Amino acid sequence: MNIDEGGDLRLVLFEKQPQSKSDNDGGEKTHTEPGSDESRKPISLVVSSKILCLASPVFKVMLTGNFREAREFRNLNASKEGQTEPYTIELPEDNPLGMTNLLHLLHFNFDKIPETIAVKEIEYIAILCDKYQCAHILQYCGRVWINDWIEALDGNPPGDRLERNICRLLAFAYIAHLPLEFNRLAWLLVCTHNGPLLAATGKVKEVLFNHPLLSQDVARHIDTRRQVVCRLFHEAIAAPLNTKWKTLDGACFGAAKAIGRYLRWLQNIDIACNDDSFRHRNFATLFALTESSDEASQAIRETVPQCTGYRCDCEQDRGITNGKDLLQRLQDKLLPIKGYGKAFVCLDCLKTGGESRTEGNCKVPHTWEFEEW
């Protein structure tokens, strides 16, 4: 494939092929050995060495330094007489599809780049950009890819596959240094993952903690920010219990009845007031439960009941709620928490240890202090 029609360099990559099967005399099936030459198909990409050297310091050293390939490449160019074949370099460890898309980007072949690209392919490109130190080229197209995927993933039911895709996109945003997209993905991950990230298991743990591109500080930082959201959410649901009611333990017991209905409603939707870390819940579900309009929630959709007693203290309790029922007050308190995702994590602070906020260089404006470990 010609990435550049006048290219002077041929990159050879190897695509893994399905292992062939054949029946032997005994009726048993045999397989080619994984990683053997027979199971890998060579793919040739003709490119411009000048473009690679301009975009990647790694390719620049490879083609202009003192490596054997660089010396052979210079000797070939010096001895050119008329048309000659491009110099060949094999890159057996690189993913062919990811490298093809990356080279199209470097050569401005935007018509050859798909508008929608799979999450796994995005991850391949991120790995290659990190290897060849050319992540800066992903600033624009990478933002488009991620935003398209965020729109596609948002609203999907929580699960390992969804969280695994979010973690892969998170790694891409980290390498491409896309702070706004990194913030949105981190918030989406917290809203869909059950419990603390540091207690994650399965594929999420594999991608988030063992990903070659992500520092483990990323998971710790996101989990620290999640703890702040847990505290705010817990304060919101516990607010009615911490209010100084007048009729909680006397007079007409109007506040006590309202609080009783409120606690019964929390029990029905399985939210425990003593669980301040929400170990087995995700915030997408918690927010949805508090917005419910079913019969259980309708039971608390009334203010402190008014009694017929003369000058009863319940009148003062109704003044505390400002005419709103307990569910409305809860939703009012949760509203700023939902907006917390606009400045949930700061990639600039994460990479600079908080210095970017001191210098005023954060792309995600925030007022909270960055915590180092």
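Nothing here was measured: the structure is a model prediction, and the numbers come from that model.

**Q** Tell me about the environment of Gly98, residues and numbers included.
**A** Inspection of the secondary structure assignment puts Gly98 in helix H4 (residues 96–106). Judged by relative accessible area, Gly98 falls into the buried class, the value being 0%. With 26 residues separating them along the chain, Gly98 and Tyr124 place their C-alpha atoms 5.1 Å apart. In this view, Gly98 contacts Tyr124, Ile125 and Leu128; residues no more than four positions away in its chain are not counted.

**Q** Explain the sheet that holds strand E5 (residues 87–90) to me, using residue names and the numbers behind them.
**A** The strand order across the open sheet formed by 3 strands is E4-E1-E5, and the pairing between neighbours is mixed. Looking at which strands have only one partner, the edges of the open sheet turn out to be strand E4 (40–47) and E5. Sheet twist, expressed as the mean angle between neighbouring strand axes with direction ignored, is 30°. Examined bridge by bridge, strand E1 (residues 9–16) and E4 share 8 bridges and lie antiparallel to one another. Residue Arg10 lies in a different strand from E4, and its bridge partner there is Val46.

**Q** How would you explain the packing of helix H6 (residues 141–153) against helix H8 (residues 179–192) if you had to name every residue and give the values?
**A** Relative to each other, H6 and H8 sit at 20°, their axes nearing to 10 Å. As summarised for this structure, H6 and H8 are arranged roughly parallel, according to the angle between their axes. Handedness of the crossing formed by H6 with H8: left-handed. Contacts between H6 and H8 involve Arg143, Ile146, Asn147, Ile150, Glu151 and Leu153 from the first element and Glu181, Arg184, Leu185 and Leu188 from the second. Counted by class, the contact of H6 with H8 contains 5 nonpolar, 1 polar and 4 charged residues.

**Q** Summarise the side chain of His193; cite the residues concerned and give the values.
**A** Structurally, His193 is set in the loop between H8 and helix H9 (202–210). Judged by relative accessible area, which is 8%, His193 ranks as buried. At a separation of 3.4 Å, a polar atom in the side chain of His193 contacts the main-chain carbonyl oxygen of Pro196. Beyond its immediate sequence surroundings of up to four residues, His193 is in contact with Glu163, Ala200, Val204, Arg281 and Asn282.

**Q** So what's going on with the confidence of the model for the protein chain? Which residues, and what values?
**A** If pLDDT is low for a region, its predicted coordinates should not be looked at in detail. Per-chain confidence: the protein chain averages 79 in pLDDT, with 79% of residues scoring 70 or above. Here residues 21–35 is modelled with pLDDT under 50, and outside its nearest four sequence neighbours on either side it reaches 19 contacts, counting other chains as well.

**Q** So what's going on with the packing of aromatic side chains? Residues and values would help.
**A** According to the stated counting rule, one finds 11 aromatic pairs in the structure shown. On the numbers, 5.9 Å between centres and 55° between planes, the contact of Phe73 with Tyr87 is tilted. Of this pair, Phe73 sits in helix H3 (residues 68–78) while Tyr87 is found in strand E5, placing the two residues 14 residues apart along the sequence. Between the aromatic rings of Tyr262 and Trp265, the centroid separation amounts to 6.0 Å while the plane-to-plane angle is 40°, which identifies the pairing as tilted. Separated by 3 residues within a single helix, Tyr262 and Trp265 lie in helix H11 (residues 254–268), roughly one turn from each other. Of the residues examined, Tyr262 reaches a relative accessible area of 0% and is grouped as buried. Aromatic rings pair up to connect Trp187, Tyr340 and Phe344 into one cluster. We note Lys351 situated over the ring of Tyr174; from NZ or CZ to the ring centre the distance is 4.7 Å.

**Q** Outline H8, supporting the account with residue identities and numerical values.
**A** Compared with an ideal rise of 1.5 Å per residue, which puts 14 residues at 20 Å, H8 spans 20 Å between its outermost C-alpha atoms and is within 8% of the ideal. Within H8, 12 of the 14 residues are buried, leaving the element largely enclosed by the surrounding structure. Those residues of H8 not exposed but buried are Pro179, Glu181, Phe182, Asn183, Leu185, Ala186, Trp187, Leu188, Leu189, Val190, Cys191 and Thr192.

Conventions adopted
Residues numbered from 1 in each chain as written. Predicted model: local features only at pLDDT ≥ 70, side-chain atom pairs only at ≥ 80, totals over all residues. Heavy atoms only, no water. Helix = DSSP H or I, 4+ residues; strand = E, 2+ residues; numbered from the N terminus. Buried < 20%, exposed > 50% of the residue type's maximum accessible area, 1.4 Å probe, protein only. Contact = heavy atoms within 4.5 Å. Pairing = 2+ DSSP bridges. Axes fitted to C-alpha atoms, helices over the stretch in contact; angles between N-to-C directions. Parallel < 35°, antiparallel > 145°, perpendicular 65-115°, else oblique. Left-handed = near helix turned anticlockwise from the far one by under 90°. Nonpolar A, V, L, I, M, F, W, Y, C, P; charged D, E, K, R; others polar. Polar contact = N/O pair within 3.5 Å; in protein donor to acceptor, adjacent residues only side chain to side chain. pLDDT = per-residue confidence, 0-100. Phe/Tyr/Trp six-rings, centres within 6.5 Å; stacked < 30°, edge-to-face > 60°. Lys NZ or Arg CZ within 6 Å of the ring centre and 35° of its normal. Expected span 1.5 Å × (residues − 1).

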